[in-house]
Amino acid sequence: SEVQGMKNLPYFCRGEVIRGFGRGSKELGIPTANFPDSVVDNLPADICTGIYYGWACVGNGDVHKMVMSIGWNPYYKNTKKSMEAHIIHTYKEDFYGEMLSIVIVGYIRPEKSFDSLDALIAAIHSDIEEAQKRLDLPDCRKLREDNFFRTSANQIMNGH
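Note that the coordinates shown come from a computational prediction; the quantities given were computed from them, not determined experimentally. (Residues numbered from 1 in each chain as written. Predicted model: local features only at pLDDT ≥ 70, side-chain atom pairs only at ≥ 80, totals over all residues. Heavy atoms only, no water.)

## A short note on the nonpolar core
With 25 residues, the main nonpolar core has Met68, Met83, Leu100, Ile102 and Ile104 as its most contacted residues. Only β1 (11-16), α2 (37-41), β3 (50-58), β4 (63-72), β5 (81-87) and β6 (99-109) provide two or more residues apiece to this core. If one sorts the elements of this core by residue count, β6 sits on top with four residues. Once residues within four sequence positions are removed from consideration, Leu100 is found in contact with Cys13, Arg14, Gly15, Val17, Ala33, Phe35, Ala56, Cys57, Val58, Ala85 and Ile87. Core analysis: the next-biggest nonpolar cluster, separate from the first, contains 21 residues, Tyr53, Val105, Ile124 and Leu143 among them. (Core = buried A, V, L, I, M, F, W, Y, C linked by side-chain atoms within 4.5 Å. Buried < 20%, exposed > 50% of the residue type's maximum accessible area, 1.4 Å probe, protein only. Helix = DSSP H or I, 4+ residues; strand = E, 2+ residues; numbered from the N terminus. Contact = heavy atoms within 4.5 Å.)

## A closer look at the environment of Gly29
Inspection of the secondary structure assignment puts Gly29 in the loop between α1 (23-28) and β2 (33-34). With 92 residues separating them in the primary sequence, Gly29 and Ile121 have C-alpha atoms 8.6 Å apart.

## A word on the packing of aromatic side chains
Within the structure shown, the criterion is met by four aromatic pairs. Their ring planes at 65° and their centres at 5.1 Å tell us that Phe12 and Phe148 sit as a pair that is edge-to-face. Here Phe12 is found in strand β1, whereas its partner Phe148 is found in helix α5 (residues 147-150), with 136 residues between them in sequence. On the basis of relative accessibility, which here comes to 31%, the residue Phe12 falls in the partly exposed class. (Phe/Tyr/Trp six-rings, centres within 6.5 Å; stacked < 30°, edge-to-face > 60°.)

## Comments concerning the sheet that holds β3
Strand order in the open sheet made by the six strands is β1-β6-β3-β4-β5-β2, with antiparallel pairing throughout. Looking along the sheet, the strands with just one partner apiece sit at the ends: β1 and β2. The pairing of β1 with β6 spans six bridges and is classified as antiparallel. Counterpart to Arg14 in the pairing with β6 is Ser101. (Pairing = 2+ DSSP bridges.)

Everything listed here is a matter of geometry and, on its own, says nothing about what the molecule does.
Okay, here's the thing in structure tokens:
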């Protein structure tokens, strides 16, 4: 239901992009940016796992729409939550090591497992469409202009 996971939204955070498992781009054709444990560990304890949508900005670049999955990675035997953002924009190169600033605006659906890669890919594409639609609503669009994105990542890294 809509209510799940919504208490703490919008949720602002930033962190350095780390290497994930490399599955997103290779198997799914959907590249994702992974946040380090320090960012994941700071999520509100009661935020539920699932698919979210919002805005993202790499370094001092433009702000783009994004879909984010917050969930348990079976690889970690379910002890570690991960946060992976798919930014709805084509980047020419990887941005590992860059500062990624995001605002999570809303919740799309709970996490679920899929019988096949095709089913998973179809679900992600439908999440992306849903995110695109919702982010065009005025309340969501406003957050794209938030001062959070204007405080450049460089200033933070350089301690200004």
